[in-house]
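# Understanding the architecture of this molecule
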Amino acid sequence: MDDDAERAFREFVTARSPALMRVAYLLAGGDQHAAEDLLQSALARTFTKWRSIESPEAYVRQAMYRQQVSWWRLAWRRNEMAVAEPPEVSGPDEAHTAELKIVVRRALARLTPRQRTMLVLRYFEDLPESTVAAQLGCSVGTVRSTSHRALARLRELSPELRAFDDPYTIFGEATA
């Protein structure tokens, strides 16, 4: 890779890593180390094809989705997960938002990797069902049923989320 291409790749990584890390964190069920591994492997794949990629961010996201799918298809799971304590915040709105983030992340971590991936793609990434189905190699009906069951399970695991009828509210507030 020439110096210009390498510089462009470094600039891309510097500019987009925080947003990509948030997606990886959610896909990994709140496991920081797994999220870092997921993003790192996606960026490594991107680096090798950098010159031929038209939309780098879309390529990295697609690589993360596919890597996550292959991990849960291989039944690769971690048995323990470290979760940080809630941060100390100053205002009631900040406290509520921080608490909601923690509740959602813990609940997501307790879903199956497939359910978690569906919810992240569908509601955090705000992708249409047809796009999610195409990216995960399943039918639109599978996306609908898995998302429905995952949301029900999410509310079952965290009763405090029952107050939110709209999943976009949960993911919008909890992950911002």
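The structure under discussion appears in the preceding block.
In this report, we go over the structure that sits alongside the text. (Residues numbered from 1 in each chain as written. Predicted model: local features only at pLDDT ≥ 70, side-chain atom pairs only at ≥ 80, totals over all residues. Heavy atoms only, no water.)

### Thoughts on helix H6 (residues 129–136)
Inclusion rule: We call a residue buried when its accessible area falls under 20% of the maximum for its residue type, exposed when it is over 50%, and partly exposed in between, using a 1.4 Å probe and counting protein chains only. Helix and strand definitions follow DSSP, with helices as H or I runs of at least four residues and strands as E runs of at least two, each counted in order from the N terminus. It is the directions from the helix axis to the C-beta atoms whose arc is reported.
The set of residues buried in H6 consists of Val-132, Ala-133, Gln-135 and Leu-136. Seen along its axis, H6 keeps its buried residues to an arc of 165°; they face one direction. Phi turns positive, to about 70°, at Gly-137, one or two residues after H6.

### A few points about the pattern of salt bridges
To keep it simple, the criterion reads: Put simply, a salt bridge is a Lys or Arg side-chain nitrogen that is within 4 Å of an Asp or Glu carboxyl oxygen.
By the definition in use, this model includes nine salt bridges. A salt bridge links Arg-61 to Glu-125; the nearest nitrogen and oxygen atoms lie 2.5 Å apart. Highlighted residues: Arg-61 in helix H3 (residues 56–73) and Glu-125 in the loop between helix H5 (113–124) and H6, separated in sequence by 64 residues. Like Arg-61, the residue Glu-125 is buried in the burial classification. A salt bridge links Arg-153 to Glu-156; its shortest N-O distance comes to 2.7 Å. Highlighted residues: Arg-153 and Glu-156, both in helix H7 (residues 140–157), separated by three residues, approximately one helical turn. Each of Arg-16, Glu-57, Arg-61 and Glu-125 takes part in salt bridges that share partners, so that together they form one network.

### What to know about the nonpolar core
Note the threshold: Among buried residues, those of type Ala, Val, Leu, Ile, Met, Phe, Trp, Tyr and Cys that are joined through side-chain atoms within 4.5 Å constitute a nonpolar core.
With 44 residues, the main nonpolar core has Leu-39, Met-64, Leu-119 and Leu-154 as its most contacted residues. Put simply, the parts of the chain that give this core at least two residues each are helix H1 (3–27), helix H2 (32–48), H3, helix H4 (92–110), H5, H6 and H7. Among the elements that take part in this core, H1 stands out by supplying ten residues, more than any other.

### Side note on the environment of Ala-8
You can see Ala-8 is positioned in helix H1. A residue is classified by how much of its surface remains accessible, and Ala-8, at 30% relative accessible area, is partly exposed. Expressed as a C-alpha distance, the spacing of Ala-8 and Trp-50, which sit 42 residues apart in the sequence, is 9.1 Å.

### Focus on the side chain of Thr-46
This is how it is decided: Polar contact is the term for a pair of N or O atoms within 3.5 Å; when the atoms are in protein, one must be able to donate a hydrogen and the other to accept it, and sequence-neighboring residues count only if both atoms are side-chain atoms. Throughout, a contact is declared for two residues whenever any of their heavy atoms are within 4.5 Å.
Turning to its location among the elements, Thr-46 is positioned in helix H2. Engagement of the side chain of Thr-46 in a polar contact is seen with the backbone oxygen of Ala-42, the distance being 2.8 Å. If near-sequence neighbours (up to four positions away) are discounted, Thr-46 is found in contact with Phe-9, Ile-53, Tyr-59 and Val-60.

### Remarks on the packing of aromatic side chains
Definition in use: Think of it this way: a Phe, Tyr or Trp ring, Trp meaning its six-membered ring, pairs with another when their centres are within 6.5 Å, and the plane angle makes it stacked under 30 degrees, edge-to-face over 60, tilted otherwise.
Throughout the structure, instances matching the rule amount to three aromatic pairs. Between Phe-9 and Phe-47, the ring centres sit 5.1 Å apart and the planes meet at 65°, which makes this aromatic pair edge-to-face. Of the two residues, Phe-9 is situated in helix H1 and Phe-47 in helix H2; the sequence distance between them amounts to 38 residues. Of the residues examined, Phe-9 reaches a relative accessible area of 10% and is grouped as buried.

### Quick notes on unusual backbone geometry
The backbone of Asp-126 sits at a positive phi, close to 60°, despite the residue not being glycine. In this structure, Asp-126 sits in the loop between H5 and H6. Taking relative accessible area as the criterion, Asp-126 reaches 48% and is therefore assigned partly exposed.

### Section: the packing of H5 against H7
Quick note on the threshold: Geometry is summarised by axes, namely lines fitted to C-alpha atoms with helices restricted to the contacting stretch, and by angles between N-to-C directions that run from 0 to 180 degrees. Comment on the angle field: the value is read as roughly parallel under 35 degrees, roughly antiparallel over 145, roughly perpendicular from 65 to 115, and oblique elsewhere. Polar here means any residue other than Ala, Val, Leu, Ile, Met, Phe, Trp, Tyr, Cys and Pro, which are nonpolar, and Asp, Glu, Lys and Arg, which are charged; Gly is therefore polar.
With their axes 9 Å apart at the nearest point, H5 and H7 run at an angle of 105° to one another. Taken together, H5 and H7 sit at an angle that is classed as roughly perpendicular. On the side of H5, the interface is formed by Arg-114, Gln-115, Met-118, Leu-119, Arg-122 and Tyr-123, while H7 contributes Thr-142, Val-143, Thr-146, Ser-147, Arg-149, Ala-150, Leu-151, Arg-153 and Leu-154. Per-class residue counts for the contact of H5 with H7 are seven nonpolar, four polar and four charged.

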